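# Notes for the structure review
Single-letter residue listing:
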Amino acid sequence: LTAAPSPRLVAAMRKGQLDAALLALPSATFELAVQPLARQPMMLALPAGHRLAKKRKLSLSDIAAERIYWFERARQPAFFDHCQQVFRRHGFAPTFLREAVDHHVLLADVAAGKGMALLADSFRALRLAGVIYRPLLEDEELAAGIGLAWHEEHGHAALPLLRRLAQEHLAK
């Protein structure tokens, strides 16, 4: 089992070091087969005491003047570029802060009022006093996909079972 950013997982599969991987989508997958499984809408993590915390749903225009933690392009280039296109369409150009790799550190910074973070909806499971989550009006435009990728020609014998289990347990 290997945990890594999607570009590294794709590179490892192309070199024959991995048989399959769960990737964030969109990703540059080249000749790999990909089975889309789910989409995770983007949401906002913000300090519980922030003036916008009272709103049930926020838009990118609501947070345009805020400091926003965001990931570096190298971690997920295709998804980063997709989000940049959405940001441009909405005229969203806030001050971006480099997102900490460890999400507990990131949420501690949010709780401390250093900025807000755009995150996939699954991060709601991470609870920290002083941090609340709010959905975005543009959540589906910014949704991150999850997909299972594999090399069609080098299929491992367990691949059909893996595909079935991924579909049953991860697909939405």
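The text that follows walks through the structure, step by step, so that each part is easy to find. The structure displayed is predicted, hence computed values, not measured ones.

### A word on the packing of aromatic side chains
Enumeration according to the criterion identifies eight aromatic pairs in this entry. Between tryptophan 70 and phenylalanine 96 the ring centres are 6.4 Å apart and the planes differ by 40°, which places this aromatic pair in the tilted class. A residue pair is termed long-range when its members are at least 10 positions apart, and tryptophan 70 in strand 4 (residues 67-70) and phenylalanine 96 in strand 5 (residues 95-98) qualify at 26 residues. Tryptophan 70 gets classed as buried once you look at its relative accessible area, which sits at 4%. For phenylalanine 96, a relative accessible area of 33% translates into the label partly exposed. Here phenylalanine 92 and phenylalanine 96 contribute two aromatic rings whose centre-to-centre distance is 6.1 Å and whose plane-to-plane angle is 85°, an arrangement assigned as edge-to-face. Each member of the aromatic cluster is reached from another via a ring pair, and the members are Trp70, Phe71, Phe79, Phe80, Phe87, Phe92 and Phe96. A cation over a ring is seen here: arginine 14 above phenylalanine 30, with NZ or CZ 4.0 Å from the ring centre.

### Here's the deal with the pattern of salt bridges
Scanning all chains against the criterion turns up 11 salt bridges. Ionic pairing is found between glutamate 140 and arginine 39, a salt bridge with its closest N-O pair at 3.7 Å. A residue pair is termed long-range when its members are at least 10 positions apart, and glutamate 140 in the loop between strand 7 (131-135) and strand 8 (144-150) and arginine 39 in strand 2 (residues 33-40) qualify at 101 residues. We classify glutamate 140 as partly exposed; its relative accessible area is 45%.

### Brief notes about helix 1 (residues 6-14)
Here helix 1 has its buried residues at Ser6, Leu9, Val10, Ala12 and Met13. Buried residues of helix 1, seen end-on, are gathered within an arc of 160° and therefore sit on one face of the element. Its buried side turned inward, helix 1 meets strand 1 (20-25) and strand 8.

### A few points about the side chain of glutamate 138
By secondary structure assignment, the location of glutamate 138 is in the loop between strand 7 and strand 8. Of the side chains with opposite charge, lysine 57 lies nearest to the buried glutamate 138, which makes no salt bridge, at 8.5 Å. A polar contact is formed between the side chain of glutamate 138 and the backbone nitrogen of leucine 60, at a distance of 3.1 Å. Residues in contact with glutamate 138, not counting those within four places in the same chain, are Leu58, Ser59, Leu60 and His90.

### As for unusual backbone geometry
Looking along the chain, the bond that leaves leucine 25 and enters proline 26 is cis, with omega of 5°. Inspection of the secondary structure puts proline 26 in the loop between strand 1 and strand 2. Residues other than glycine seldom take positive phi values, yet phenylalanine 30 does so here, at roughly 55°. Among the residues examined, phenylalanine 30 registers a relative accessible area of 56% and is labelled exposed.

Basis of the calculations
- Residues numbered from 1 in each chain as written.
- Predicted model: local features only at pLDDT ≥ 70, side-chain atom pairs only at ≥ 80, totals over all residues.
- Heavy atoms only, no water.
- Phe/Tyr/Trp six-rings, centres within 6.5 Å; stacked < 30°, edge-to-face > 60°.
- Helix = DSSP H or I, 4+ residues; strand = E, 2+ residues; numbered from the N terminus.
- Buried < 20%, exposed > 50% of the residue type's maximum accessible area, 1.4 Å probe, protein only.
- Lys NZ or Arg CZ within 6 Å of the ring centre and 35° of its normal.
- Salt bridge = Lys/Arg side-chain N within 4 Å of Asp/Glu carboxyl O.
- Arc of directions from axis to C-beta.
- Contact = heavy atoms within 4.5 Å.
- Lys, Arg positive; Asp, Glu negative; His and termini not counted.
- Polar contact = N/O pair within 3.5 Å; in protein donor to acceptor, adjacent residues only side chain to side chain.

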